[in-house]
Amino acid sequence: AVELTRRGVTIDVDVVEGDLPKWVRFFFDRDGDARHLTASSDASITGPGTLLDQIRQCVTDLRLPLERLLPLVTSNTARVLKLASKGRIAQGADADAVVLRRDSLELVAVIARGRILFRNGRVTVDEAWVADSDRKVRVDGKKAETALA
């Protein structure tokens with residue numbers, strides 16, 4: 001896979017197994033082309049918080065600079081998915097951003113299309129369909145019960 005990136009093929013490492021730091025270190029130690037590496041969650045099994053946790057581990061445990069890791073989850077991914085208005089901060093882009101604390105990389109805010117969706121530990125928006133709905137929606141993964149215990 002590392003050799004393929006040198007030929008311009010993009011590869012993806014998912015975070016389901018919790019081993020992103022292992023594979024990122026392997027990749028960088030073998031001089032893979034980082035422009036052709038993405039990291040992702042499998043949203044049906046692990047959420048974006050797992051991806052953030054493992055990026056954080058790459059920074060803290062491997063001492064890799066965040067700016068070297070960010071393209072794996074921003075611009076590289078947007079390029080592969082052909083999402084021209086995503087993955088970058090520029091005029092005409094969607095104004096998506098994640099704000100992290102400098103020292104801990106704790107999530108502070110999530111902004112999508114210029115709209116603050118999450119701030120200081122709380123979701124800050126209600127989707128329009130919620131106002132007229134009598135639904136109560138809650139989804140807990142099977143591992144959530146053991147994580148709370």
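Small disclaimer: the values here were computed from a predicted structure and weren't measured. (Residues numbered from 1 in each chain as written. Predicted model: local features only at pLDDT ≥ 70, side-chain atom pairs only at ≥ 80, totals over all residues. Heavy atoms only, no water.)

Draft legend 1. Molecular detail of the overall build of the chain. Within the chain, the regular secondary structure consists of seven helices and six strands. Counting helices and strands in the order they occur from the N terminus, the chain gives α-β-α-β-α-α-α-β-β-β-β-α-α. With respect to the three principal axes, the spread of C-alpha positions in the chain is 55 × 45 × 30 Å. Across the 149 residues of the chain, 23% fall into the buried class. Relative to all contacts within the chain whose residues are 6 or more apart in sequence, the contacts with residues 24 or more apart total 52%. Of the accessible surface of the chain, which amounts to about 10800 Å², a share of 53% is contributed by carbon and sulfur atoms. Between the centroid of the 24 positive side chains of the chain and the centroid of its 22 negative side chains there is a distance of 3 Å. (Helix = DSSP H or I, 4+ residues; strand = E, 2+ residues; numbered from the N terminus. Buried < 20%, exposed > 50% of the residue type's maximum accessible area, 1.4 Å probe, protein only. Contact = heavy atoms within 4.5 Å. Areas by Shrake-Rupley, 256 points an atom, 1.4 Å probe, with all protein chains shown as cover. Lys, Arg positive; Asp, Glu negative; His and termini not counted. Charge placed at Lys NZ, Arg CZ, Asp CG, Glu CD.)

Draft legend 2. Highlighting the nonpolar core. Within the largest apolar cluster, 18 residues are counted, with the highest numbers of intra-cluster contacts made by Leu 20, Val 24 and Leu 69. Only β1 (11-14), α2 (20-29), β2 (37-40), α3 (48-60) and α4 (66-73) provide two or more residues apiece to this core. Those residues within four positions of Leu 20 in sequence are excluded, and the remaining contacts are Val 13, Val 15, Ala 39, Leu 51, Gln 54, Ile 55 and Cys 58. (Core = buried A, V, L, I, M, F, W, Y, C linked by side-chain atoms within 4.5 Å.)

Draft legend 3. Highlighting the packing of aromatic side chains. One pass over the full model with this rule turns up two aromatic pairs. On the basis of an interplanar angle of 70° and a centroid distance of 5.5 Å, the ring pair of Trp 23 and Phe 26 is categorised as edge-to-face. Here Phe 26 and Trp 23 lie together in helix α2, a separation of three residues that amounts to about one turn. Classification of Phe 26 as partly exposed rests on a relative accessible area of 34%. (Phe/Tyr/Trp six-rings, centres within 6.5 Å; stacked < 30°, edge-to-face > 60°.)

Draft legend 4. Expanded view of the pairing of strand β5 (residues 115-119). As paired elements, strand β4 (residues 107-112) and β5 share four bridges and run antiparallel to each other. Paired with Ile 111 across the strands is Ile 116, a residue of β5. In sequence, β4 turns back onto β5 through a hairpin of two residues, with Arg 113 there showing a positive phi of about 55°. Where β5 and strand β6 (residues 122-123) come together, two bridges link them in antiparallel fashion. Among the inter-strand pairings, Phe 118 is bridged to a residue of β6, identified as Val 123. Hairpin geometry of β5 and β6 is characterised by an intervening segment of two residues between the two adjacent antiparallel strands and by a positive phi of about 50° at Asn 120. (Pairing = 2+ DSSP bridges.)

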